[in-house]
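# Inside the fold
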Amino acid sequence: MTNFRSRRYQKISVSLKSAMVVVAFVVSLCGMFLITKGNVYADDIDKLILKLQHNDLKVRILAIEELGRIRDDESVRALMSVIENQGEDWKIQIRVVKLLAEIKNPRAVDLLIKVLDDPFFTYDCPALKWNAALALGNFKNYSKVVDVLIDALTDKTLYVREAAMQSLGNIGDRKAVPYLISALSDKSFAIRMSAIKALGKTGDESAIPFVKRVLDNDADPHIRDEAVKALRKLNEN
């Protein structure tokens, strides 16, 4: 009986050792796979970054879209370099701004602020500023974002002001409420409409009497309809 047990334990011991060898081999293979995959991945990003310098516009666009799908820090830095390149086509830069808005990496915040706020950086391009204002609406809990969007409410371009209001509404910071209230009396239909929508999103009850005044006094039925919706949202809070 003792010999039988001894042989049995020896077999179990051999089996365990064999299993451990197999496990070690599998782990080793997995490690080699991950290292190889990492190198291929890094090589792919490097190739895409090189394509950003290509003379063919279509090649650059494809590289940008691919970097936008990867979405890691390195690809975000590469996308940001496209905006920093002041010789790049503004239409490509706008696409990058939109991608940065979708990715929502905090690294992009300061650059998007610069696009909106620094006229020398983007040659005061209204289309770039408009898209930057919209993009910043995806970055909440940044006081500097709210501040630059409030400053953009006085921009000379109407649709930049509209975009700033839309983003302030999306962010919902109550610091913006007094500035949105003052826009309710703007002569532009688009600005008044944007201000009412933004105020409804903020949920700040202090805006209620001002929106009621719009409901009672604004001559445009569409504005009044939007005031009703905004009041409903404000009263829910």
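Everything below is about the structure shown above.
Keep in mind that what you see is a predicted model, and the values were worked out from it rather than measured. (Residues numbered from 1 in each chain as written. Predicted model: local features only at pLDDT ≥ 70, side-chain atom pairs only at ≥ 80, totals over all residues. Heavy atoms only, no water.)

Turning our eyes to something else, we now look at the overall build of the protein chain. For the protein chain, the helix and strand inventory stands at 12 helices and 0 strands. Ordered by position from N to C terminus, the α and β elements of the protein chain give α-α-α-α-α-α-α-α-α-α-α-α. A buried classification covers 40% of the 237 residues belonging to the protein chain. About 14000 Å² of surface is accessible on the protein chain, with carbon and sulfur atoms providing 56% of the total. (Helix = DSSP H or I, 4+ residues; strand = E, 2+ residues; numbered from the N terminus. Buried < 20%, exposed > 50% of the residue type's maximum accessible area, 1.4 Å probe, protein only. Areas by Shrake-Rupley, 256 points an atom, 1.4 Å probe, with all protein chains shown as cover.)

With that settled, consider helix α3 (residues 73-84). Its 12 residues place the ends of α3 16 Å apart at the C-alpha level, agreeing with the 16 Å of an ideal helix rising 1.5 Å per residue. Of the residues making up α3, those classed as buried are S75, V76, A78, L79, M80, V82 and I83. (Expected span 1.5 Å × (residues − 1).)

Take the packing of helix α7 (residues 143-151) against helix α8 (residues 158-171) next. At a minimum axis distance of 9 Å, the contact between α7 and α8 shows a crossing angle of 150°. In terms of orientation, α7 and α8 fall into the roughly antiparallel class. Judged by the twist between their axes, the crossing of α7 over α8 is left-handed. Facing α7, whose interface residues are V145, V146, L149 and I150, α8 presents A164, S167, L168 and I171. (Axes fitted to C-alpha atoms, helices over the stretch in contact; angles between N-to-C directions. Parallel < 35°, antiparallel > 145°, perpendicular 65-115°, else oblique. Left-handed = near helix turned anticlockwise from the far one by under 90°. Contact = heavy atoms within 4.5 Å.)

Another aspect to go through is the side chain of R60. For R60, the position within the fold is in helix α2 (residues 57-70). Not counting the four nearest positions on each side in its chain, R60 is found in contact with K51, L52, H54, N55, E88 and I92.

At R71, a residue that is not glycine, the phi angle is positive and equals roughly 70°. Taking relative accessible area as the criterion, R71 reaches 40% and is therefore assigned partly exposed. Its identity as a non-glycine residue notwithstanding, N141 has a phi of 65°, on the positive side. Along the chain, N141 turns up in the loop between α6 (126-136) and α7.

The buried fraction of α6 amounts to 8 of the 11 residues, a majority that puts the element mostly inside the structure. Every buried residue belonging to α6 is among A127, L128, K129, N131, A132, A133, A135 and L136, and all of these are buried. On its buried face, α6 is in contact with α4 (90-103), α5 (109-117), α7 and α8.

Bringing the nonpolar core into the picture now. Grouped together as the largest cluster of nonpolar side chains are 69 residues, with contacts concentrated most on L100, L116 and L149. Leave out the neighbours within four places in its chain, and L149 touches L116, A133, L136, A164, S167, L168 and I171. (Core = buried A, V, L, I, M, F, W, Y, C linked by side-chain atoms within 4.5 Å.)

The geometry of α2 relative to α4 is characterised by a closest axis approach of 10 Å and an angle of 5° between their N-to-C directions. One element, α2, and the other, α4, form an angle in the roughly parallel class. When α2 is examined against α4, the residues L57, R60, I61, I64, E65 and G68 are found in contact with a partner set consisting of I92, R95, V96, L99 and I103. For the contact of α2 with α4, the residue count by class is 7 nonpolar, 1 polar and 3 charged. (Nonpolar A, V, L, I, M, F, W, Y, C, P; charged D, E, K, R; others polar.)

With that out of the way, let us pick up the side chain of S188. Relative to the assigned elements, S188 resides in the loop between α9 (177-182) and α10 (189-202). Judged by relative accessible area, which is 15%, S188 ranks as buried. A distance of 3.3 Å separates a polar atom in the side chain of S188 from the backbone nitrogen of A190. (Polar contact = N/O pair within 3.5 Å; in protein donor to acceptor, adjacent residues only side chain to side chain.)

Topologically, D173 is positioned in the loop between α8 and α9. Taking C-alpha positions, D173 is 8.5 Å from K140, a pair spaced 33 residues apart along the chain. When near neighbours in sequence (up to four residues on either side) are disregarded, D173 contacts V146 and L168. A distance of 2.8 Å separates a polar atom in the side chain of D173 from the backbone nitrogen of K175.

Attention now goes to the packing of aromatic side chains. For the coordinates displayed, the defined rule picks out 1 aromatic pair. When the ring of W130 is compared with that of Y159, the centres are 5.7 Å apart and the planes differ by 80°; the resulting orientation is edge-to-face. In this pair, W130 is assigned in helix α6 and Y159 in helix α8, connecting sequence segments 29 residues apart. Its relative accessible area of 36% is what places Y159 among the partly exposed residues. (Phe/Tyr/Trp six-rings, centres within 6.5 Å; stacked < 30°, edge-to-face > 60°.)

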